[in-house]
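# Observations on the model geometry
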Amino acid sequence: MWKDYSIGFIKRNRASSLSVLVAAFVSALFLSLLCGLFYNFGNYEIESVILEEGNWQARITGTFDENAVSGVENFANVKTVSVNKELSDGQTLVIDICFNNMRTVYQDMSLIAQQLGIPDSSVSYHESLLSTYFVHNPQDTSPPLLPAFFLAVLLIVSVSLILIIHNSFAVSMNARIHQFGIFSSIGATPGQIRTCLLQEAAALCAIPILLGSFIGIALTFGIIQIVNALADDIAGRHEAVFTYHPLVFAVTILVSVLTVLISAWMPAGKLSRLTPLEAIKNTGELQLKRKKKARILAGLFGVEGE
């Protein structure tokens, strides 16, 4: 019954359904653009660090021979080991190391230093590169700023979108207070009413969320191309390359779905808590709490002003 009722309401009330579709589309589009730009700007920063400082994660400097290279290669997590010939001289050898799982670089390098019998002062880390991958020294008590900043921006944007688009759901749902009051009087529970409204929101918003996410990806690509064109004359700048990861798409879809569901949950929860008598009387409609004569506004703008 609920399925037939929801489908029938959507078909008969296309104007209110369209407002919900547009709200979900805009929300997903904006979130997709935000996540895509953050991801590509992060990749650009990684490329810049590698071009300027080299692609290494940890470095050993000492007076040992090149046989130490084979000893380092035996560690399971070590990906590549190479001698930095530019920094090495006849007495000092500099070994650059990359790991498969760079998140354990600080623990693994401590074990490598112990095996080679060298002090911790001979070990250095490419912290500017590691920080772009959100890998931080465990002895550093200060929290990483970039992930916290991104999460804060994403949370602020999501809350702002919720406050904006929940009105679209509220208008559509409040138009049916009288109907749900009748359903409640014949035995429909608040949970059933709430579930029905959320199912409608999910059915209406599934395609707009996917469409908005894909268009957001396309806009991200377009913005990167525009930035490359505008910054083409800047000396020392390398060209940004558009990249995208399935995890970014998953985060975008998850945040978009949560944003839409929370926006729909707010008016749905309020509507489901109305008593049958209140709903049938339609007392849940928006009304002025206080009425007051506004003679100046009425004189200047008429009834509309008042």
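Residues numbered from 1 in each chain as written. Predicted model: local features only at pLDDT ≥ 70, side-chain atom pairs only at ≥ 80, totals over all residues. Heavy atoms only, no water.

Turning our eyes to something else, we now look at the sheet that holds strand S3 (residues 93-99). An order of S2-S3-S1-S4 is seen for the 4 strands of this open sheet, with the pairing classed as antiparallel. Every interior strand has two partners, whereas the edge strands, strand S2 (78-83) and strand S4 (123-125), have only one. Between one strand axis and the next, the sheet turns through 25 degrees on average, direction left out of account. Summarising the sheet, S2 and S3 pair through 5 bridges and their orientation is antiparallel. The residue of S3 that forms the bridge with Val81 is Ile97. (Pairing = 2+ DSSP bridges. Helix = DSSP H or I, 4+ residues; strand = E, 2+ residues; numbered from the N terminus. Axes fitted to C-alpha atoms, helices over the stretch in contact; angles between N-to-C directions.)

Within the secondary structure layout, Ser32 lies in helix H2 (residues 14-53). Considering only alpha carbons, one finds Ser32 and Gly212, 180 residues apart in sequence, at a separation of 7.4 Å. Those residues in contact with Ser32 that sit more than four places away from it in its chain are Gly212, Ser213, Gly216, Ile217, Thr220, Tyr244 and Thr252. (Contact = heavy atoms within 4.5 Å.)

Turning next to helix H4 (residues 105-116). Every α-helix winds through 3.6 residues per turn, so residues three or four apart in the chain are directed the same way. Relative to the 16 Å expected for 12 residues at 1.5 Å per residue, H4 spans 16 Å between its end C-alpha atoms, a close match to the ideal helical length. All buried positions along H4 are accounted for by Val105, Tyr106, Asp108, Met109, Ile112 and Ala113. Buried residues in H4, looked at end-on, bunch into an arc of 160 degrees, giving them a common side. Facing away from the buried side of H4 by over 90 degrees, the exposed positions are Gln114 and Gln115. Following H4 by one or two positions, Gly117 has its phi on the positive side, about 70 degrees. (Expected span 1.5 Å × (residues − 1). Buried < 20%, exposed > 50% of the residue type's maximum accessible area, 1.4 Å probe, protein only. Arc of directions from axis to C-beta.)

In this section: the confidence of the model for the chain. The predicted model of the chain averages 80 in pLDDT, with 78% of residues at 70 or higher. When mean pLDDT is compared element by element in the chain, S4 scores highest at 90, while helix H10 (residues 276-281) scores lowest at 62. (pLDDT = per-residue confidence, 0-100.)

It is worth spelling out the packing of aromatic side chains at this point. Working definition: an aromatic ring pair is given by the centre-to-centre distance plus the angle between the planes. Within the structure shown, the criterion is met by 4 aromatic pairs. Ring plane angle 20 degrees and centroid distance 6.4 Å describe the contact between Phe242 and Tyr244, whose orientation is recorded as stacked. Phe242 sits in the partly exposed class, given a relative accessible area of 24%. The class for Tyr244 is partly exposed, based on a relative accessible area of 25%. The rings of Phe221, Phe242 and Tyr244 are connected pair by pair, giving a single aromatic cluster. The ring of Trp56 carries Arg59 above its face, with NZ or CZ at 3.9 Å from the centroid. (Phe/Tyr/Trp six-rings, centres within 6.5 Å; stacked < 30°, edge-to-face > 60°. Lys NZ or Arg CZ within 6 Å of the ring centre and 35° of its normal.)

Looking at the largest pocket, its volume works out to about 800 Å³. If you trace the largest pocket, you find 24 residues lining it, with Phe38, Tyr39, Gly42, Thr132 and Phe134 closest to the centre. For the lining of the largest pocket, the secondary structure elements donating two or more residues are H2, helix H5 (127-132), helix H6 (145-174) and helix H9 (246-272). Tallying contributions element by element places H2 first for the lining of the largest pocket, with 8 residues. (1 Å grid on protein atoms, 1.4 Å probe; cavity = no way out; pocket = protein on both sides within 12 Å on 5 of 7 lines; lining within 4 Å. Points joined across faces, edges and corners; volume = space filled by probe spheres on them.)

Take the pairing of S3 next. The buried fraction of S3 amounts to 7 of the 7 residues, a majority that puts the element mostly inside the structure. Side chains Leu93, Ile95, Ile97 and Phe99 project from S3 onto one buried face, and the interleaved Val94, Asp96 and Cys98 project onto a second face that is buried too. As paired strands, strand S1 (residues 58-62) and S3 are joined by 5 bridges and run antiparallel to one another. Bridge pairing links Ile60 to Ile95 in S3.

Attention shifts here to the nonpolar core. One finds Ile60, Ile95, Ile97, Phe99, Val105 and Met109 to be the most contacted residues of the largest nonpolar core, which totals 21 residues. The contact partners of Met109, leaving out residues within four places of it in the chain, are Ala58, Ile60, Ile97, Phe99, Val123 and Tyr125. The next biggest cluster of nonpolar side chains, apart from the first, holds 20 residues, and it includes Ile165, Leu197, Cys205 and Val260. (Core = buried A, V, L, I, M, F, W, Y, C linked by side-chain atoms within 4.5 Å.)

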